[in-house]
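# Architecture at a glance
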Amino acid sequence: MASQAFSGLLEAIDRGAFPKTRKWLWRGLYNILSRRWRDDDWRFMNYGFLPPAPGILLEQEDEADRPFIGLYAQAVAGLPMKGARVLEIGSGRGGGARYIARYCEPGSVIGLDYSPATVALARRLNRDTPRLAFEVGDAEKLPFADGAFDVVINIESSHCYGDVAAFAREAARVLAPGGWFSFADMRGRATLPLLRQQLAVPGLALRGETDLSQGVITALDAAEQRKRARIGKIRFMRGFISEFAGSQGSILYRELSEGGVVYLAQRYRKEDGFRELPPPSISDAPKA
């Protein structure tokens, strides 16, 4: 039953069905998870990414989160982060924003999430981190001024939105000229052209695209035992959460492994008067 429910949810996302209802349902789900899964050592809600090359240096206390931090490390690698005003849209429990605040020397980091319960939890879990704050807000209608940020990050969140193009326009609006928008999320392979079209808004020039799928599978494998231990303690919605978490044997794990679902990363830069180039095909993208 849980597999069928999650499969139906994935299909609805790919079809773009019932966008407003879907957005409301995701918000409710994350509110429930944040209230029931309150472990102080679990700051992440993403599937993770581990590259084939040696990884970044982490303090010992963060090693357990390496599979999840990997998505953020690749998102900001090479970007001008020192002193930057950073916004993460869809910040979840706050672990990614915390990593950026602690390791990348930004001027400030704001994590924004649609779920009030999740924002409350993120504030509690990350209250020891300077230069970091969390706010409740809608990705499709950001509560910030034009040009307020130098870097905007969006990791594994856009599949929850009712209007991805509106989100992309908002990301472009709040970026300062020369700022960077770093995006990563999963989609069914057949819907990648639609995703690229939704993100190709005026003011953002595509600067790179990478298929992260293999590194995401590696991260899921690395985190499997830890996830199973947590899920085993849950009585409520255990089967659905196992599917939601991408555990081995889940629909999403199988689809990623077989290529039906692709985990895509893109980078855009905000420029004035740029000439848009067609985005590369997924087969031409550099491999993680």
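Calculation criteria
- Residues numbered from 1 in each chain as written.
- Predicted model: local features only at pLDDT ≥ 70, side-chain atom pairs only at ≥ 80, totals over all residues.
- Heavy atoms only, no water.
- Buried < 20%, exposed > 50% of the residue type's maximum accessible area, 1.4 Å probe, protein only.
- Helix = DSSP H or I, 4+ residues; strand = E, 2+ residues; numbered from the N terminus.
- Pairing = 2+ DSSP bridges.
- Right-handed = clockwise from strand over helix to strand, strands pointing away.
- Core = buried A, V, L, I, M, F, W, Y, C linked by side-chain atoms within 4.5 Å.
- Contact = heavy atoms within 4.5 Å.
- Salt bridge = Lys/Arg side-chain N within 4 Å of Asp/Glu carboxyl O.
- Axes fitted to C-alpha atoms, helices over the stretch in contact; angles between N-to-C directions.
- Phe/Tyr/Trp six-rings, centres within 6.5 Å; stacked < 30°, edge-to-face > 60°.

## Some details on the pairing of strand β5 (residues 175-188)
Burial within β5 is extensive, with twelve of its 14 residues counted as buried. Strand direction decides the pairing type here: strand β4 (residues 149-155) and β5, joined by six bridges, are parallel. When the bridges of β5 are listed, isoleucine 155 appears paired with alanine 184. Following the backbone out of β4, through helix α6 (residues 164-174) and into the adjacent parallel β5, one traces a crossover that is right-handed.

## Examining the nonpolar core
Counting residues in each nonpolar core, the largest one holds 42 residues, and the members touching the most others are Ile100, Ile153 and Tyr263. Sorting elements by how many residues they give to this core places helix α3 (residues 66-76) first, with seven residues. When sequence neighbours within four positions are dropped, the list of residues in contact with isoleucine 100 reads Tyr72, Val76, Met81, Val86, Glu105, Pro106, Val109 and Ile153. Residues Cys160, Phe167, Ala172 and Val174 belong to the second largest nonpolar core, which totals 28 residues.

## So, the pattern of salt bridges
Inspection of the entire model under this criterion finds 13 salt bridges. Measuring nitrogen to oxygen at the nearest pair gives 3.0 Å for the salt bridge that ties arginine 102 to glutamate 59. Taken together, the residues arginine 102 in helix α4 (residues 95-103) and glutamate 59 in the loop between α2 (19-36) and α3 connect sequence positions 43 residues apart. By relative accessible area, arginine 102 is classed as partly exposed at 28%. Assessed through its relative accessible area of 40%, glutamate 59 is described here as partly exposed.

## Some points on the packing of α6 against helix α7 (residues 192-199)
Put simply, α6 and α7 touch, their axes get as near as 8 Å, and they point 40° apart. Packed against α6, whose contacting residues are Val164, Ala165, Phe167 and Ala168, the element α7 presents Leu195, Gln198 and Leu199 at the interface.

## Some points on the packing of aromatic side chains
Going through the model one piece at a time under the given rule, you end up with eight aromatic pairs. Consider the rings of phenylalanine 144 and phenylalanine 149, whose centres lie 5.0 Å apart with planes at 85°: the pair is edge-to-face. According to the relative accessible area criterion, phenylalanine 149 is buried, its value standing at 4%. Aromatic ring contacts, followed pair by pair, group Tyr161, Phe167, Phe181, Phe183 and Tyr268 into a single cluster.

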